[in-house]
Amino acid sequence: MSPRPRVAVLFGGRSGEHEVSLRSAASVAGGLAQHHDVLCVLIEKAGRWRLQSGPEPRPSGGEPVFLAPDPTDRGALRRFADAASLVRPDVYFPVLHGPYGEDGTVQGLLDLAAVPYVGAGVAASAAAMDKAMMKALFERAGLPQVSHRVLFSRDPAKERTVLDELGLPVFVKPANLGSSVAVSRVPTTDAFDAALDQAFAYDHKVVVEQAVDAREVEVSILGNDAPEASVPGEIVPDREFYDYDSKYAPDSSTDLLIPAPLDDAATEEIRRLGVAAFRAVDASGLARVDFFLERSSGRVLVNEINTMPGFTDISMYPRLWEASGLPYPELLARLVTLATERHARRARLRTDYGP
Ligand SMILES: Nc1ncnc2c1ncn2[C@@H]1O[C@H](COP(=O)(O)OP(=O)(O)O)[C@@H](O)[C@H]1O
Ligand SMILES: [Mg+2]
């Protein structure tokens, strides 16, 4: 690799979080530019890849390109029209949130092409995106979390049992989504039906879980085999819960407290559980792990893991590293190094079989 690695930033994507990705990518490309040559590759909402000129990601435009799922092509981006090879990035950085980006699909293509890429592999990305699978892996690892049930389709008998078992209020969520889309808090039996309708409109699998009255604390994890945890930060939503608008609306007055005002014991517990959650799904490179800190009991519960967390320079993930002594450009350089290290290790694995 050249002294200035050539990094292709994949951004946009087919998910509902396309716009969030545009914002993350603008910051990532800017931060990478200090130590890397940056190539911007927009994935349009319709799924077409476009290689853009210049180091700044734009919401539209660029030459249509493709990456062949063929290792002998060594990661070339080829012009869609005539398959001419335009450029060969050293590392791919999928700054993509949600389905078709953070869920193992793009990671699968990058694996087939045998190129180094930032972040979690196929299985970890898919497991972390699917809240039902994620919770099953957390349970297996013995991590504390709220009680929950998984529904696969509308089934009135089962739905009644779920409410009897969990009690009210509950939270209802589509299994595979993010940014709080179609997540609702259900305070009464009457409201359950509409919440399920909304969630099932987005996924065939829905998670119902006990609501807790809790503070929301997050920690950033960085590394491959020896993952490290940042200082924790706290989210103080400006409304009943941390919904889509309190995350992204321009008038949102949600506060981020960095570091979170916690005693040493809670801080250490959260950092330890953050690393354990990272290992439970077998993540790589980076992840943000989100917690509930129950107000009445002080119990720490793991809520979820995000393998490609929001990445603008004012997002929680990089700000927690900044507060832990790792500035934004250095954090990005570390992620690129982790990507090449993971790739080199995987390339040494045997793929043949014989005595
Ligand atoms: N069991 C719960 N108890 C209390 N609040 C919850 C619960 N589940 C979710 N929430 C609220 O909803 C928000 C979004 O839920 P989350 O599971 O994190 O989905 P997403 O992946 O969309 O971020 C949380 O940040 C929190 O404010
Ligand atoms: Mg969340």
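Residues numbered from 1 in each chain as written. Chains lettered and ligands numbered in written order. Predicted model: local features only at pLDDT ≥ 70, side-chain atom pairs only at ≥ 80, totals over all residues.

**Student:** Could you give an account of the sheet that holds strand S1 (residues 6-12), naming the residues involved and the relevant values?
**Tutor:** With respect to topology, seven strands assemble into an open sheet ordered S6-S5-S4-S3-S2-S1-S7, the strand pairing being mixed. Each of the sheet's edge strands pairs with one partner strand only, and the pair in question is strand S6 (85-87) and strand S7 (91-95). Averaged over all pairs of adjacent strands, the angle between their axes in this sheet comes to 40°, without regard to strand direction. Examined bridge by bridge, S1 and S7 share five bridges and lie parallel to one another. The residue bridging Val-9 from the neighbouring strand is Phe-93, located in S7. (Pairing = 2+ DSSP bridges. Helix = DSSP H or I, 4+ residues; strand = E, 2+ residues; numbered from the N terminus. Axes fitted to C-alpha atoms, helices over the stretch in contact; angles between N-to-C directions.)

**Student:** Could you give an account of the sheet that holds strand S8 (residues 148-151), naming the residues involved and the relevant values?
**Tutor:** Pairing is antiparallel in the open sheet, where four strands are placed in the order S8-S11-S9-S10. Pairing within the sheet leaves two strands with one partner each, and these edge strands are S8 and strand S10 (184-186). Going across the sheet, the axis of each strand differs from the next one's by a mean of 25°, ignoring polarity. Packing of helix H5 (residues 156-166) onto the sheet brings it into contact with S8, strand S9 (170-174) and strand S11 (206-210), and relative to S8 it is tilted by some 170°. (Contact = placed C-beta atoms within 7 Å.)

**Student:** How would you explain the packing of helix H1 (residues 18-32) against helix H10 (residues 328-347) if you had to name every residue and give the values?
**Tutor:** Two elements in contact, H1 and H10, have axes separated by 8 Å at closest approach and are oriented at 90°. With respect to H10, the axis of H1 lies roughly perpendicular. Contacts from Val-28, Gly-31 and Leu-32 of H1 reach H10 at Tyr-328, Pro-329 and Leu-332. (Parallel < 35°, antiparallel > 145°, perpendicular 65-115°, else oblique.)

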